[in-house]
Amino acid sequence: MSVATSASAAQAVGEYLQSPDDLMKIAAFRKKLEKEKASIDSKLKSGVKDQLDATREGLRKLVKTRDSVQAIKDEMSTVDKTYNDPSKVVKTFDQISRVSMVHRNFAQVEEMVNNLKEMYSRLDDLEGMLESNQRDITGPAPNLLPIHHQLHQLETFRNQTLHQAKKSSADSRRTLNRWFERLDKVIADFDSYIGALSRNVLPIVQAGHPDVIVKLCKIAELEGLADQKAIAIKLVKKAANLDAAAKFKSLQADARQIKHYRSNLMKNITDSIRQKFEEAYAQNRENPGAFIDDLKWLYDDIIRIETDVVPCFPPSYEIYNFYVREYHKALNEIIKRLVADEPDAIVILQLHAWMKEYRKSMKELEVPPELLVPPLLDGKDQSLIDDYLNLIVKKLDEWSANLMKTEIRDFTEREQPPEKDADGLYGMQGAVIMFQMINQQVDLAADSGQGAILTRVVEDSNRVMRQTQVQWITIVESEFKKQVEKPEESPPGLVEYVIALANDQIKCADYAEALSARLEPLVSEKYSTVIIERLNDAIDGYLDVAKKCTQTLIDLIFNDLKPATKQLFSPTWYNGIMSQIIETTRDYMSDYQVFLNPSILELLVEDLLDTFLITYLTALGNASKLRMPAAIDQIKNDVSEAFQFFSTIKPANELEGYFEVIEMVLALLEASKSLVFLSFWSFAKKHGPCLAFVEGLMKAREDLDRSAVSEVMESVKRKVRDEGITDPPEPTIMKKIVIQGTFARLLQVAK
């Protein structure tokens, strides 16, 4: 301890003496410290003096109290001696006592008889007054206190009478009980009336009769005192000598039943609050949203209680705190039941928003937080959001599953042609219904004002949309496969339904884009980034399905064209196969142009062009023999016929770029052996070396023998090495050309 004190003192000195110049101030520092010490000593002396004075005063009071207690004990001892042996004081005490008892008994009997005679007439009056009050439970109740006063007198009379009759015969006691049956009924009716009043405290005050509540509290107070007296008497009788206690009339009231008016009053108020919430909820049980909207009365009640009800009760009731606690508890019970009934998503969000408003409103009403316990839903507000989101997931999954079940059945069975919209385009109901569901849930989430909730709903919607997209791609692939492999088992109309599905996907992409634009300004950047990302992902998915549909439409064309495309560059090709290919394609395109959304029709035409060129060039590159120059003339005829057709569905100036590759290939076929490398140079600069394709062409040329082909390919390869020709940065259509090996060609020739 001394070491710590020394260290503390040294530290204090160090704070004052931090530089050599501070040594000159030692005297001043010393005076300052002495002055502070003197001040502290003075305060300590004063405090010690006050404490000693208080201690002395306490001791004096204890001594005085001890003397007073001893004096009381002495007096009580004297009284006890006098009571136990009053004959020592009064010689004729026994005679006086007997005469007094006889007189008292006569007086009591006379009083009892008179009271019994008057009781029924008094009960007639009381029943009339009580019935008058009961007609209007929220009325002024002018007879409330008179009724209670007289009933209290009659009840006291009954208790004393029954107590005195304890030693009487059983018949006498039964007779007395029959006499008091009517009184018992009136007392029960009055207690029932008091209960009804206590269950209507607020309506009575609202009706303009606060004095009734004041009277009610006064009655509860009087009955409480009577209860306390009866309980005290019973305790005394248990502790005291029964014979001695029986000598006192005040101890003859043990027949009174304890009524607990105050506790019953508070219990009835609690029951009335619960009943009010129960009735409000029952009225809107089928429409819980309306119940939540109508809860504004709760705030009106609390304001009215504070201003009008509180002045009617004694402060000891703490009635405002009691009302607020009971209102909060009843509200919490009803909300828990509402949530347990599994309401719709809109109701859950509405309840969550209302609970936030409730806390804010109670704060504005300056309600102490400690009265609002337990918190609503035990403070698990987030569970509401979790319930809402789980419900959204469940509903979206159910709705989308039912929707897809219907859509897929229509798509696969194709019993009826697809519907047409106002523009005459094929379509299905899926797009509209899907986004009606999604927009409904998104709007509910947006109304909550919480970006996190809206984001979660969008994420779940994205998940559902992606699931349906995957399903559609699988279904389209499956139906196309059935059409190709087992056409006899495939219902007609696949083309029409694929068109309808493609149109649907474009609609969905447009709806998703509109939804993204609508939601972006509603939330902060933190949430808008996620929302836009998810909706863009959904849009990409819809475009992927639309792309799958257009590719399937093209595949359906070329599936029908397989017999014709297999004859390309075969001996029968020289007789003209292209007309058949073009006419078949034209038939399909006539439907596509009429019923397919223009925005994807253009993409389909481009893909159709690519597929046509790939098919043609692949067949050319894999040709086994080309009769020269007849092959060149036929190719030119094919190109002319194809160009003429495609110019009907796409501007001619845009087609030239597509057919340029065939012009380059024609140059390779037309070039002499020694000049092939020049044509190759123009071809390779744009499309890369493509040596396998070029070699296939050279081998197919009937005008070149094997040695000539070898020389041509040697010059071509040399050109590639010398010029460093590589594949272009962006792949061209030639990248999709597949050249068969020698063995495959031999098999093809054999066939």
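Please read these numbers as outputs of a predicted model, since none were measured by experiment.

### Here we look at the overall build of the protein chain
Step number 1: Counting secondary structure elements, the protein chain contains 28 helices and two strands.
Step number 2: Within the protein chain, the proportion of its 751 residues that are buried is 40%.
Step number 3: In the protein chain, of all internal contacts separated by at least 6 residues, the share reaching a separation of at least 24 is 77%.

### Looking at the side chain of Asp460
Step number 1: Mapped onto the secondary structure, Asp460 falls in helix α17 (residues 451–485).
Step number 2: When near neighbours in sequence (up to four residues on either side) are disregarded, Asp460 contacts Leu389, Val393 and Leu396.

### A look at the nonpolar core
Step number 1: Residues Ile269, Phe277, Phe313, Trp354 and Tyr388 are the most contacted members of the largest nonpolar core, which totals 109 residues.
Step number 2: With 11 residues, the top contributor of residues to this core is helix α13 (residues 319–340).
Step number 3: Ignoring any residue separated from it by four or fewer positions in sequence, one finds Ile269 in contact with Ser198, Val201, Phe313, Ile319, Phe322 and Tyr323.
Step number 4: Grouped together as the second largest cluster of nonpolar side chains are 96 residues, Tyr426, Leu501, Ile554 and Met628 included.

### Some details on the packing of aromatic side chains
Step number 1: What the rule picks out here adds up to 24 aromatic pairs.
Step number 2: Here the aromatic rings of Phe277 and Tyr327 are separated by 6.0 Å at their centres, their planes lie at 75°, and the arrangement is edge-to-face. Of this pair, Phe277 sits in helix α10 (residues 261–283) while Tyr327 sits in helix α13, and the two are 50 residues apart along the sequence. Of the two residues, Phe277 and Tyr327, both sit in the buried class.
Step number 3: Between Phe411 and Trp472, the aromatic rings sit 5.4 Å apart at their centres with planes inclined by 65°, giving edge-to-face as the arrangement. Residue Phe411 is found in helix α15 (residues 381–413), and its partner Trp472 is found in helix α17; the two are separated by 61 residues along the sequence.

### Side note on the side chain of Glu479
Step number 1: Here Glu479 lies in helix α17.
Step number 2: The class for Glu479 is buried, based on a relative accessible area of 3%.
Step number 3: In contact with Glu479, not counting residues within four places along its chain, are Phe411, Thr412, Arg414 and Leu494.

### With respect to a negative patch on the surface
Step number 1: Residues Asp410, Glu413, Glu415 and Glu419 make up a contiguous surface patch of negative charge.
Step number 2: With respect to the secondary-structure elements, Glu415 resides in the loop between α15 and β1 (419–420).
Step number 3: Note on Glu415: relative accessible area 65%, which makes it exposed.

### A look at the packing of α15 against helix α18 (residues 494–519)
How two helices pack is summed up by the angle between their axes together with the distance between the axes.
Step number 1: Orientation of α15 relative to α18, taken along the N-to-C sense of each, is 145°, at an axis distance of 9 Å. Only Leu494, Tyr497, Val498, Leu501 and Asp504 of α18 make contact with α15, whose side of the interface consists of Glu407, Asp410 and Phe411.
Step number 2: Counted by class, the contact of α15 with α18 contains five nonpolar, no polar and three charged residues.

### Brief notes about the pattern of salt bridges
Step number 1: Overall, the coordinates contain 42 salt bridges when judged by the stated rule.
Step number 2: Two residues, Asp460 and Arg463, come together in a salt bridge whose shortest N-O distance is 4.0 Å. Linking Asp460 with Arg463, this pair stays in helix α17, spanning three residues, or about one helical turn.
Step number 3: A salt bridge links Lys650 to Glu654; the shortest N-O distance between them is 3.1 Å.
Step number 4: One salt-bridge network, held together by shared partners, links Glu155, Arg158, Asp184 and Lys259.

### A short note on unusual backbone geometry
Step number 1: Cis geometry is adopted by the peptide bond preceding Pro374, which originates at Val373 and carries an omega value of -5°.
Step number 2: Tracing the chain through its elements places Pro374 in the loop between α14 (345–364) and α15.
Step number 3: Between Met628 and the following residue, Pro629, the backbone shows a cis peptide bond with an omega angle of 0°.
Step number 4: Its place among the elements puts Pro629 in the loop between α22 (598–621) and α23 (630–646).
Step number 5: The backbone phi angle of Ala141 is positive, close to 45°, even though this residue is not glycine.
Step number 6: Classification of Ala141 as buried rests on a relative accessible area of 4%.
Step number 7: Although it is not a glycine, Glu318 adopts a positive phi angle of roughly 45°.
Step number 8: In this structure, Glu318 sits in the loop between α12 (297–309) and α13.
Step number 9: The partly exposed category is assigned to Glu318, whose relative accessible area is 49%.

### Some details on helix α4 (residues 144–164)
Step number 1: In this model α4 runs 30 Å from its N-terminal to its C-terminal C-alpha over 21 residues, within 8% of the 30 Å that 1.5 Å per residue would give.
Step number 2: Every buried residue of α4 is accounted for by Leu144, Ile147, His148, Leu151, Leu154, Glu155, Phe157, Arg158, Asn159, Thr161 and His163.

### Digging into the packing of helix α25 (residues 676–687) against helix α27 (residues 706–723)
Step number 1: It is the contact of α25 with α27, at a shortest axis distance of 9 Å, that shows an interaxial angle of 45°. What the angle tells us is that α25 and α27 run oblique. α25 and α27 meet at a crossing whose hand is right-handed. Of the residues in α27, those touching α25 at Val676, Phe677, Phe680 and Trp681 are Val712, Ser715, Val716, Lys719, Val720 and Glu723.
Step number 2: A breakdown of the residues in the contact of α25 with α27 according to their chemical character gives seven nonpolar, one polar and two charged.

### Concerning the state of the cysteines
Step number 1: In this structure the tally under the stated criterion is zero disulfides.
Step number 2: With no disulfide of its own, Cys312 has Cys217 as its nearest cysteine by sulfur position, at a separation of 7.4 Å.
Step number 3: You can call Cys312 buried: its relative accessible area is 7%.

### Regarding the confidence of the model for the protein chain
Step number 1: Scored by pLDDT, the protein chain comes out at a mean of 86, with 88% of its residues at no less than 70.
Step number 2: Least confident of the elements in the protein chain is helix α9 (residues 242–246), whose mean pLDDT is 48; most confident is α23, at 95.

### So, the environment of Ile733
Step number 1: Following the sequence through the fold, Ile733 ends up in the loop between α27 and α28 (742–750).
Step number 2: Its relative accessible area of 14% is what places Ile733 among the buried residues.
Step number 3: Measuring from C-alpha to C-alpha, the distance between Ile733 and Asp610 comes to 7.3 Å, with 123 residues separating the pair along the chain.
Step number 4: Other than its neighbours up to four places away in sequence, Ile733 contacts Asp610, Leu613, Ile614 and Val661.

### Quick word on the environment of Val709
Step number 1: By the element assignment, Val709 lies in helix α27.
Step number 2: C-alpha separation for the pair Val709 and Glu695, spaced 14 residues apart in sequence, amounts to 7.7 Å.
Step number 3: Among all residues touching Val709, those that are not within four sequence positions of it are Met698, Lys699 and Leu704.

### Side note on the environment of Gly427
Step number 1: Mapped onto the elements of the fold, Gly427 is located in strand β2 (residues 426–427).
Step number 2: Each C-alpha atom of the pair Gly427 and Gln505 lies 9.6 Å from the other, and the pair is 78 residues apart in sequence.
Step number 3: Those residues in contact with Gly427 that sit more than four places away from it in its chain are Pro418, Glu419, Ala500 and Asp504.

So, how was this worked out
Residues numbered from 1 in each chain as written. Predicted model: local features only at pLDDT ≥ 70, side-chain atom pairs only at ≥ 80, totals over all residues. Heavy atoms only, no water. Helix = DSSP H or I, 4+ residues; strand = E, 2+ residues; numbered from the N terminus. Buried < 20%, exposed > 50% of the residue type's maximum accessible area, 1.4 Å probe, protein only. Contact = heavy atoms within 4.5 Å. Core = buried A, V, L, I, M, F, W, Y, C linked by side-chain atoms within 4.5 Å. Phe/Tyr/Trp six-rings, centres within 6.5 Å; stacked < 30°, edge-to-face > 60°. Patch = residues over 30% accessible without salt bridge, like charges linked within 9 Å, V, L, I, M, F, W, Y side chains within 5 Å. Areas by Shrake-Rupley, 256 points an atom, 1.4 Å probe, with all protein chains shown as cover. Salt bridge = Lys/Arg side-chain N within 4 Å of Asp/Glu carboxyl O. Lys, Arg positive; Asp, Glu negative; His and termini not counted. Charge placed at Lys NZ, Arg CZ, Asp CG, Glu CD. Axes fitted to C-alpha atoms, helices over the stretch in contact; angles between N-to-C directions. Nonpolar A, V, L, I, M, F, W, Y, C, P; charged D, E, K, R; others polar. Expected span 1.5 Å × (residues − 1). Parallel < 35°, antiparallel > 145°, perpendicular 65-115°, else oblique. Left-handed = near helix turned anticlockwise from the far one by under 90°. Disulfide = S-S within 2.5 Å. pLDDT = per-residue confidence, 0-100.

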